[in-house]
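Overview (structure and organization)
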Amino acid sequence: MNNLASGQVFDSVIKKERRGEYLGKTVQFIPHVTDEIKSRMHQVTVDNPKTVTTSTLFVRSGERRPMRSSSRPRTRGPSE
């Protein structure tokens, strides 16, 4: 393995969840996805002990907003 893409990691986590490896627990980014990334990075060093491993992890954090139960649009006041 010389390249690890997020799609490969998510695919692996989803397959593990479908096989029941998480014992029916809800799949979460931390620890399930991060553990898969660490496991794959470790496997690269086991398979190729003389290989130099460089990793770059891009994280994009977004704004999280709570869902509103009201269907009425929110109006903003002058201070907002």
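Right, let's walk through the structure included here. Remember, predicted model here, so these are calculated numbers, not experimental data.

Here is what the cut-offs are and how they apply
- Residues numbered from 1 in each chain as written.
- Predicted model: local features only at pLDDT ≥ 70, side-chain atom pairs only at ≥ 80, totals over all residues.
- Heavy atoms only, no water.
- Helix = DSSP H or I, 4+ residues; strand = E, 2+ residues; numbered from the N terminus.
- Expected span 1.5 Å × (residues − 1).
- Buried < 20%, exposed > 50% of the residue type's maximum accessible area, 1.4 Å probe, protein only.
- Arc of directions from axis to C-beta.
- Contact = heavy atoms within 4.5 Å.
- Phe/Tyr/Trp six-rings, centres within 6.5 Å; stacked < 30°, edge-to-face > 60°.
- Patch = residues over 30% accessible without salt bridge, like charges linked within 9 Å, V, L, I, M, F, W, Y side chains within 5 Å.
- Areas by Shrake-Rupley, 256 points an atom, 1.4 Å probe, with all protein chains shown as cover.
- Salt bridge = Lys/Arg side-chain N within 4 Å of Asp/Glu carboxyl O.

1. Let's talk about helix α1 (residues 6-19)
Over its 14 residues, α1 runs 20 Å from end to end, which matches the ideal 20 Å to within 8%, given 1.5 Å per residue. Within α1, the full set of buried residues consists of Val9, Ser12 and Val13. Within α1, the buried residues cover an arc of 95° as seen down the axis, which keeps them to one side. The inward-facing, buried residues of α1 abut α2 (29-47). Gly20 sits one or two residues past α1 and shows a positive phi near 85°.

2. Regarding the packing of aromatic side chains
Applying the stated criterion across every chain yields a total of 1 aromatic pair. Ring centres of Phe10 and Phe29 lie 6.3 Å apart, and the angle between their planes is 55°; on these two criteria the pair is classed as tilted. Residue Phe10 is found in helix α1, and its partner Phe29 is found in helix α2; the two are separated by 19 residues along the sequence. Judged by relative accessible area, which is 37%, Phe10 ranks as partly exposed.

3. Examining a nonpolar patch on the surface
On the surface, Phe10, Ile14, Phe29 and Ile30 cluster together to form a nonpolar patch covering roughly 410 Å² of accessible area. Of all the secondary structure elements, the ones that give two or more residues to the nonpolar patch are α1 and α2.

4. Thoughts on unusual backbone geometry
The peptide bond linking Ile30 to Pro31 adopts the cis configuration, its omega dihedral lying at 20°. When you line up the elements, Pro31 lands in helix α2. Its identity is not glycine, yet Leu23 carries a phi of approximately 55°, on the positive side. For Leu23, the position within the fold is in the loop between α1 and α2.

5. Focus: the pattern of salt bridges
Under the defined criterion, the tally for this structure stands at 5 salt bridges. As a salt-bridge pair, Lys15 and Asp11 come within 3.1 Å of each other at their nearest N and O atoms. Here the residue Lys15 and the residue Asp11 both occupy positions in helix α1, the gap between them amounting to 4 residues, near one helical turn. Residue class for Lys15 comes out partly exposed when judged on its relative accessible area of 43%. The exposure class of Asp11 is partly exposed, given its relative accessible area of 38%.

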